Amino acid sequence: MGAVHSIKNSLQLVASMFSLQASTTPNTEVAQSLQQAMSRVTAVARIHERLYRTTNVGTVDLAAYLGDICEDLAGLAPQCQVKYEPERPIPITTDRAVRVALLVTELVTNAAKHAYPEGKEGPIFVSLSHIDSDAIKISIRDRGAGLPATFDDALGTGLGMRIVRALITQTDAKLTFHRHQPGSEFVIEFPLQPEAPAHRQ
């Protein structure tokens, strides 16, 4: 477990460096990018923190893990109230938990940035629930400005959404979005276990 603790400390150091650089740069756009990078590193550091406190390094409780992540994200976007509602504990393999946490990090960060621009205040709701015994659903919803009319199934072209698309593929997940009055909602659905690779002839 010493290696896990060392990795966690190294990741926290990297996150602190991003945070320090973001606080000292005069360029707002660069500062936002550094804050987003910090949140990604912090999401990975959180999983190692949980692994350090358990004897089972292969599995983590996704409900509790996402609770930690949402608490971190609320600190990075103080104008938003990140309200997290898990259904119940959900054991999941560690590598899948990291990918799911990064997905949530990206979508909550995007909501804070685009739904509530220029420091406007508002809530972001994150819910975690079972679809059935083998699949999970996560919803990230805001009551902000709403998605632009040009936003379509390509799911945007920014770095954050490109990362989301890559993680969706790696997690065998499906991502859909919904327009509400007011606000918008992104829904992630994914199997608890990764799909078996196709049999090669």
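Please refer to the structure placed before this passage.
Residues numbered from 1 in each chain as written. Predicted model: local features only at pLDDT ≥ 70, side-chain atom pairs only at ≥ 80, totals over all residues. Heavy atoms only, no water.

Our focus in this paragraph is helix H3 (residues 62-76). Between its terminal C-alpha atoms H3 stretches 21 Å, which fits the 21 Å expected from 15 residues at 1.5 Å a residue. For H3, the side-chain oxygen to backbone nitrogen distance between the N-cap and Ala-63 is 3.1 Å, and the N-cap itself is Asp-61. (Helix = DSSP H or I, 4+ residues; strand = E, 2+ residues; numbered from the N terminus. Expected span 1.5 Å × (residues − 1). Polar contact = N/O pair within 3.5 Å; in protein donor to acceptor, adjacent residues only side chain to side chain.)

A word on unusual backbone geometry. Here Gln-181 and Pro-182 are connected by a cis peptide whose omega angle stands at 0°. The residue Pro-182 is located in the loop between strand S6 (174-179) and strand S7 (184-191) in this model. With phi around 55°, Asp-172 is a residue other than glycine that occupies positive phi space. Turning to its location among the elements, Asp-172 is positioned in the loop between helix H5 (159-170) and S6.

This brings us to helix H4 (residues 94-115). Over its 22 residues, H4 runs 31 Å from end to end, which matches the ideal 32 Å to within 8%, given 1.5 Å per residue. With respect to burial, H4 is a largely interior element, 18 of its 22 residues being buried. (Buried < 20%, exposed > 50% of the residue type's maximum accessible area, 1.4 Å probe, protein only.)

Our next topic: the sheet that holds strand S4 (residues 122-132). One open sheet holds the five strands; their spatial order is S2-S4-S5-S7-S6, and the pairing between them is mixed. Among the strands making up the open sheet, the edge pair consists of strand S2 (80-86) and S6. On average, adjacent strands in this sheet sit at an angle of 15° to one another, irrespective of strand direction. Of the pairings in the sheet, the one linking S2 to S4 comprises seven bridges and is parallel in character. Looking at S4, one finds that Glu-85 is bridged to Ser-127. Along the sheet, H3 makes contact with S2, S4, strand S5 (135-142) and S7, crossing S2 at roughly 175°. (Pairing = 2+ DSSP bridges. Axes fitted to C-alpha atoms, helices over the stretch in contact; angles between N-to-C directions. Contact = heavy atoms within 4.5 Å.)

Once that is clear, we can look at the packing of aromatic side chains. By the definition in use, this model includes one aromatic pair. Their ring planes at 40° and their centres at 6.3 Å tell us that Phe-177 and Phe-186 sit as a pair that is tilted. Judged by relative accessible area, Phe-177 falls into the buried class, the value being 17%. (Phe/Tyr/Trp six-rings, centres within 6.5 Å; stacked < 30°, edge-to-face > 60°.)

Turning our attention to the layout of surface pockets. A volume near 410 Å³ is recorded for the second largest pocket. Surrounding the second largest pocket, 19 residues form its lining, Gln-32, Leu-76, Ala-77, Gln-79 and Ala-112 being those nearest its centre. Counted by class, the lining of the second largest pocket contains nine nonpolar, eight polar and two charged residues. (1 Å grid on protein atoms, 1.4 Å probe; cavity = no way out; pocket = protein on both sides within 12 Å on 5 of 7 lines; lining within 4 Å. Points joined across faces, edges and corners; volume = space filled by probe spheres on them. Nonpolar A, V, L, I, M, F, W, Y, C, P; charged D, E, K, R; others polar.)

The final tally for this structure, using the stated rule, is three salt bridges. One salt bridge in this structure joins Glu-87 and Arg-88, with 3.0 Å as the shortest N-O distance. You can call Arg-88 partly exposed: its relative accessible area is 45%. Where Asp-95 meets Arg-99, a salt bridge forms, and the shortest distance between an N and an O atom there is 3.9 Å. One end of the pair, Asp-95, and the other, Arg-99, are both in helix H4, four residues apart, so they sit about a helical turn from each other. For Asp-95, a relative accessible area of 45% corresponds to the partly exposed category. Take Arg-99: its relative accessible area is 27%, and that puts it in the partly exposed class. (Salt bridge = Lys/Arg side-chain N within 4 Å of Asp/Glu carboxyl O.)

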